[in-house]
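Now for the letters of each chain:
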There are 2 protein chains.
Amino acid sequence: MDDLVHDLARRSRVAARALAATTGAAKDRALTAMADLLVERSADVLAANARDVEAARTSGTAQHLIDRLSLDESRVAAMADGLRTVVALPDPVGEVVRGSTLPNGLQLRQVRVPLGVIGIIYEARPNVTADAAAICVKSGNAVLLRGSGSAARSNAAIVTVLREAAESAGLPADVVQLVPADDRSTARALMQARGLVDLVIPRGGAGLIREVVDNATVPTIETGAGNVHVYVDADADLDMALDIVLNSKTHRTSVCNSAESLLVHKAVADVFVPRVVAALRERDVLVHGDAAFAAADPAVVPVTDEDFDTEFLALEISARVVDSLDDALDHVRRYSTGHTEAIVTSSMEAAQRFTLGVDAAAVMVNTSTRFTDGGEFGFGAEIGISTQKLHARGPMGLPEMTTTTYVVTGTGQVR
Amino acid sequence: MDDLVHDLARRSRVAARALAATTGAAKDRALTAMADLLVERSADVLAANARDVEAARTSGTAQHLIDRLSLDESRVAAMADGLRTVVALPDPVGEVVRGSTLPNGLQLRQVRVPLGVIGIIYEARPNVTADAAAICVKSGNAVLLRGSGSAARSNAAIVTVLREAAESAGLPADVVQLVPADDRSTARALMQARGLVDLVIPRGGAGLIREVVDNATVPTIETGAGNVHVYVDADADLDMALDIVLNSKTHRTSVCNSAESLLVHKAVADVFVPRVVAALRERDVLVHGDAAFAAADPAVVPVTDEDFDTEFLALEISARVVDSLDDALDHVRRYSTGHTEAIVTSSMEAAQRFTLGVDAAAVMVNTSTRFTDGGEFGFGAEIGISTQKLHARGPMGLPEMTTTTYVVTGTGQVR
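The model shown is predicted, which means the values in this text are computed figures rather than measured ones. Residues take numbers from 1 onward in each chain, read along the sequence in its written order. Numbering of ligands from 1 and lettering of chains from A proceed in the order in which they are written. Restriction of local features to residues with pLDDT of at least 70 applies here, the model being predicted, together with a cutoff of 80 or more for giving and counting side-chain atom pairs; totals for whole chains, interfaces and linings are based on all residues.

## Description of the overall build of chain A
Our working definition: Note on conventions: DSSP H or I runs of at least 4 residues are helices, E runs of at least 2 residues are strands, and numbering of each starts at the N terminus. Throughout, the radius of gyration refers to the C-alpha atoms, and the reference size of a globule is 2.2 Å times the residue count to the power 0.38. Residue burial is a threshold on neighbouring C-beta atoms within 10 Å of the residue's own C-beta, all placed from the backbone, with 20 or more meaning buried, 12 or fewer meaning exposed, and counts in between meaning partly exposed.
Along its length, chain A carries 15 helices and 16 strands. Relative to the 2.2 N^0.38 estimate, which gives 22 Å for 415 residues, the radius of gyration of chain A is 24 Å and therefore close to what a compact globule would have. With respect to the principal axes defined by its C-alpha atoms, chain A has extents near 70 × 70 × 35 Å. The buried share among the 415 residues of chain A stands at 55%.

Here is the structure:
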């Protein structure tokens, strides 16, 4: 499989060269053609998807996974809309990030350029196929898509459409390629194609991300692990705190920016803990709490160190009372995965100390953790949320899919 | 040794927290105190250095390495000046990189924050000790310095001074720590202290860089490999081309931005090849050339594929005639290490095609490759030249030693 994947990667490199030398208008024409052809060919895509869904049912796949896998007319239309949204975004390539004329007259410009070839390794949802292709092509990169075996027919049908549209618009079809998902070895080959692939991004559950980060020799960006805390300070508006805790925990539970842990300052614990426990119970949230929480409701189960370390991604939350802001900071620093941390407070000083004291991609002051999201941030498109510190941190949009080159123009200057 | 290094790293993390929460003025006071105390204590530093130099002589170290190791009053003064240069640079921490008010009223700011703990693994020159400490502390990071065994006494004396000065200025001494260089295992422990160290940067020869990139589990930045090409186009001003080739090759040979390979368009080969061969010979440069170069001078030795792949770092150069700009681009793409590539041309079109067609940290148009340098670019301080595409590419200054956090401030917004 290594040879097959490396051959695909070599074709991607050739396509990437053409893409790097093309114009923003040409890329936008290709993306628009992709959107149009997806709608035109939606019957093909849906037929392929129906076969994936049938196979999933036959093999006894859980209903929520079948739901994620299933496409219909409106989901295909949404994919096409996603492509058009990316068309409307500014082209990051060619942006001059920094520039000056040096004392010796040299003209220095730091210019955004594509990374080259990007591999995306992802799980069931076939809409990622179109999303990822759009973001990569718009940022001037050829993309190698390695979806899951369960969506293989859907992905193949979508990629066929995208390639045909790219070619009809004058770009090489190979700007988008599908890596076969026959077995795990193709994913391994992709993440280890050092020198052929410039970046691999995993999109999916914790297991997939760990597998990529641990085994990739290609540069990779860790995404998505979110052991997210909400800290309710002594100076919090408690109505606001209740809204924020409930929204952060229950708005959607399976996503990385949902809250997993609640810390309450002891000064407001007597009032706030019973309120929040009752409200969480009403929404079927299982609370793993310390003694103060347990005293509020017999349904609270004792919290363990492991609970504080767990990303539940379900209607469960760990909770404890802290003695001070510093105590809260110590707790967050110990258990944080560096995704999103939130404070609810009316104190400017507490907000500032919390912001400087945690070490995360996003810090929320008096707002829900659910806002850590490329769409909510106004980036127009997102390819995941980086929880590492190098290159990109937080929601990644088009600029994060580029690197830069210093272009230095002179008239014969030497040292 | 792992335990020792990990203990040091844990102390660095504590110091890093204090540093992240301090002000730019406090960091500048510490750096100024370091500069002052280095000059005041230069006798101590020089005495320690004399013992390193004596040990190097006894063990039969080559003279050029002893030269690099040796300090004197003026070199210590230069270190102190380097610290003061960094004081004068703007503080990257707190810079708002991007900011907006979202439609729901949330205030979004992307703010530069320190990475945390940075490890530097470097070879003989003791001045790197002060340089690296200055850049890391100014960018709000605690630094773990792992120099070479041959400079151990010098580095220890310098670090003692830096720590004492930091403490006198109110910062934790542990913002600067020296990792013992007793054996290789301490370097290995440093580059594998995942979760304790945020970034490791190797500074030194190709062997050191390879060792770090291949074995690090901590994020690392590849620096310095420079198989640098100068391409003389059909439309080149040949006097300018000669100056640029000579300067790029001979101004300093042991550095990563010096030229290693020369490509000449066939349209100017008849005139230019004999001129450049004669001029290179006059400067004692051994030319490994193709038939056209060999015909110009019997001293030219036949060039091999291996020569084109070699970073000589010496008075040697590989050279060939190319049929076209595309031929030159194919050659560069095949052998480039992505550091610096240069074109000499009067054609706007050729310059643009070359700039888009190579894939390097820096592209020089009508100027010497020797200008790829943080100092020359006006960054004030440089901690190496990245040849990778993620996070930082090209000369790295203070901003490259930071990451960002999105700070989102609201008034109770939920989704």
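Back to the text.
## Overview of the relation of the copies chain B and chain A
To keep it simple, the criterion reads: Our superposition of the copies is a least-squares fit, built on the C-alpha atoms of residues whose pLDDT is at least 70 in both. Working definition of a contact: two residues with C-beta atoms, positioned from the backbone, lying within 7 Å.
With an RMSD of 0.0 Å, chain B superimposes on chain A once it is rotated by 180° and translated 0.0 Å along the axis. Both copies are brought into coincidence by an operation consistent with a two-fold rotation axis. For chain B, the residue whose C-alpha comes nearest the rotation axis is H391(B), separated from it by 1.7 Å. Same-surface contact between copies: 98% of interface residues of chain B are shared with the interface of chain A.

## Observations concerning unusual backbone geometry
Phi is positive for N366(A), close to 60°, though the residue is something other than glycine. By secondary structure assignment, the location of N366(A) is in strand β13 (residues 362-367). The backbone phi angle of D284(B) is positive, close to 65°, even though this residue is not glycine. Within the secondary structure, D284(B) is located in the loop between α11 (266-282) and β9 (286-289).

## Description of the pairing of β9(B)
Residue and element names in this part refer to chain B. Short version of the rule: A pair of strands is treated as paired once DSSP finds two or more bridges between them. Consider the strands pointing away from the viewer: the crossover is right-handed when the path from the first strand over the helix to the second runs clockwise.
Judged from the four bridges that link them, β9 and strand β11 (residues 316-322) form a sheet pairing that is parallel. For L286, the partnering residue across the bridge sits in β11 and is E316. In terms of strand pairing, β9 meets strand β10 (residues 301-302) through two bridges, oriented parallel. Across the sheet, the residue bridging to H288 is V301, located in β10. Taking the sense of rotation as the criterion, the β-α-β connection linking β9, helix α12 (residues 291-296) and β10 turns out right-handed.

## Topic: the sheet that holds strand β13 (residues 362-367) of chain B
Condition: For helices, the axis comes from a line fit to the C-alpha atoms of the stretch in contact; other axes are also lines fit to C-alpha atoms, and the angle between any two N-to-C directions lies between 0 and 180 degrees.
Here we have 10 strands laid out as an open sheet, ordered β1(A)-β2(A)-β16(A)-β13(B)-β12(B)-β7(B)-β8(B)-β11(B)-β9(B)-β10(B), and mixed in their pairing. Edge positions in the open sheet fall to β1 (96-101) of chain A together with β10 of chain B, since each of these has one partner strand only. Sheet analysis places strand β2 (residues 107-114) of chain A next to strand β16 (residues 402-413) of chain A, joined by eight bridges and oriented antiparallel. By the bridge assignment, R109(A) is partnered in β16(A) with V407(A). Across the sheet, helix α15 (residues 348-357) of chain B is in contact with β16 of chain A together with β7 (228-232), β12 (340-344) and β13 of chain B; its angle to β13(B) comes to roughly 160°.

## Quick notes on the interface of chain B and chain A
Many descriptions give the size of an interface as the accessible area lost when the pieces come together. The test is simple: Think of it as three bins: nonpolar holds Ala, Val, Leu, Ile, Met, Phe, Trp, Tyr, Cys and Pro, charged holds Asp, Glu, Lys and Arg, and polar takes everything else, Gly as well.
The interface is formed by 52 residues belonging to chain B together with 51 residues belonging to chain A. Top element by residues in the side of chain B that touches chain A is strand β16 (residues 402-413) of chain B. It accounts for 11 residues. Each residue belonging to the side of chain B that touches chain A can be placed in one class, and the counts come to 24 nonpolar, 20 polar and eight charged.

## So, the domain arrangement of chain A
This is how it is decided: Delimitation of the domains relies on an automatic or database domain assignment.
Under the domain assignment used here, chain A contains domain 1 (2-221 + 396-409) and domain 2 (228-375). Between the C-alpha centres of domain 1 of chain A and domain 2 of chain A the distance comes to 36 Å.

## Some details on the pairing of β7(B)
Residues and elements named next belong to chain B. β7 sits mainly inside the fold: five of its five residues count as buried. What you see with β7 is no split at all: V228, V230 and V232 on one side and H229 and Y231 on the other are buried throughout. Relative to strand β8 (residues 259-265), β7 runs parallel, the two sharing five bridges. Looking at the pairing, V230 lines up with L262 of β8. For the handedness criterion, the β-α-β arrangement of β7, helix α10 (residues 238-250) and β8 is classed as right-handed. Here β7 runs beside β12; their pairing, made up of four bridges, is parallel.

## Points about the nonpolar core
To keep things clear, this is the line we draw: One nonpolar core equals one set of buried Ala, Val, Leu, Ile, Met, Phe, Trp, Tyr and Cys residues connected by C-beta atoms within 7 Å.
Ranked by internal contacts, the top residues of the largest apolar core, which has 144 residues, are M34(A), V143(A), L190(A), M34(B), V143(B) and L190(B). Listed in part, the 57 residues of the second largest apolar core include V93(A), F293(B), V332(B) and I343(B).

## A look at the sheet that holds strand β3 (residues 117-122) of chain B
Residues and elements named next belong to chain B. Taken together, four strands build an open sheet; the order of strands is β5-β4-β3-β6 and the sheet is parallel. Where the open sheet ends on each side, the last strands, each with one partner, are β5 (176-178) and β6 (199-203). Taking each pair of neighbouring strands and ignoring which way they run, the sheet shows an average axis angle of 20°. Pairing geometry for strand β4 (residues 142-146) and β5, over three bridges, is parallel. What sits directly across from L144, in β5, is Q177. Its contacts with the sheet put helix α7 (residues 152-168) on β4 and β5, and the angle it makes with β5 is roughly 155°.

## Describing the environment of S150(B)
All names here are of chain B. Within the secondary structure, S150 is located in the loop between β4 and α7. Residue classification places S150 among the buried residues on the basis of 22 C-beta atoms within 10 Å. Here the alpha-carbon distance between S150 and A56, two residues 94 residues apart in the chain, equals 6.8 Å. Apart from the residues within four sequence positions on either side, S150 is in contact with D52, A56, L69 and A124.

## Examining helix α6 (residues 127-138) of chain A
Residues and elements named next belong to chain A. Just so we agree on the cut-off: Helix span is expected to be 1.5 Å times the residue number reduced by one.
Taking 1.5 Å per residue, 12 residues should reach 16 Å; α6 reaches 17 Å between its end C-alpha atoms and fits that length. α6 sits mainly inside the fold: 11 of its 12 residues count as buried. Every buried residue belonging to α6 is among V128, T129, A130, D131, A132, A133, A134, I135, C136, V137 and K138, and all of these are buried. Where α6 terminates, the next one or two residues include G140, which has phi positive at roughly 85°.

## Some points on the confidence of the model for chain A
Stated precisely, the cut-off is as follows: pLDDT measures the predictor's confidence residue by residue and takes values from 0 up to 100.
On average, residues of chain A carry a pLDDT of 95, and 100% of them reach 70 or more. Note on the complex model: pTM 0.93, ipTM 0.94.

## Quick notes on the packing of helix α1 (residues 2-20) of chain B against helix α8 (residues 184-191) of chain B
Angle between the axes and distance between the axes are the two parameters that describe a pair of packed helices. Residues and elements named next belong to chain B. The cut-off we apply is this: Here roughly perpendicular refers to angles of 65 to 115 degrees, roughly parallel to angles under 35, roughly antiparallel to angles over 145, and oblique to all remaining angles. Working rule for handedness: look at the near helix, and if it is turned counterclockwise from the far one by less than a right angle, call the crossing left-handed; if clockwise, right-handed.
The interhelical angle for the contact between α1 and α8, taken along N-to-C directions, is 50°, at an axis separation of 9 Å. Relative to α8, α1 is oriented oblique. Seen from above, α1 lies across α8 with right-handed handedness. Here α1 contributes D2, V5 and H6 to the contact with α8, which in turn contributes T186, A189 and L190.

## Brief notes about the packing of helix α2 (residues 24-40) of chain B against helix α5 (residues 73-88) of chain B
All names here are of chain B. At a closest axis distance of 9 Å, the pairing of α2 and α5 adopts a crossing angle of 170°. Taken together, the axes of α2 and α5 are roughly antiparallel relative to one another. Two secondary-structure elements touch here, α2 through D28, L31, T32, M34, A35, L38 and V39 and α5 through V76, A77, M79, A80, L83, R84, V86 and V87. Of the residues belonging to the contact of α2 with α5, the class tally is 12 nonpolar, one polar and two charged.

## Concerning the environment of N127(A)
Position of N127(A) relative to the elements: it lies in helix α6. For N127(A) and E211(A), which are 84 residues apart along the polypeptide, the C-alpha to C-alpha distance reads 22 Å.

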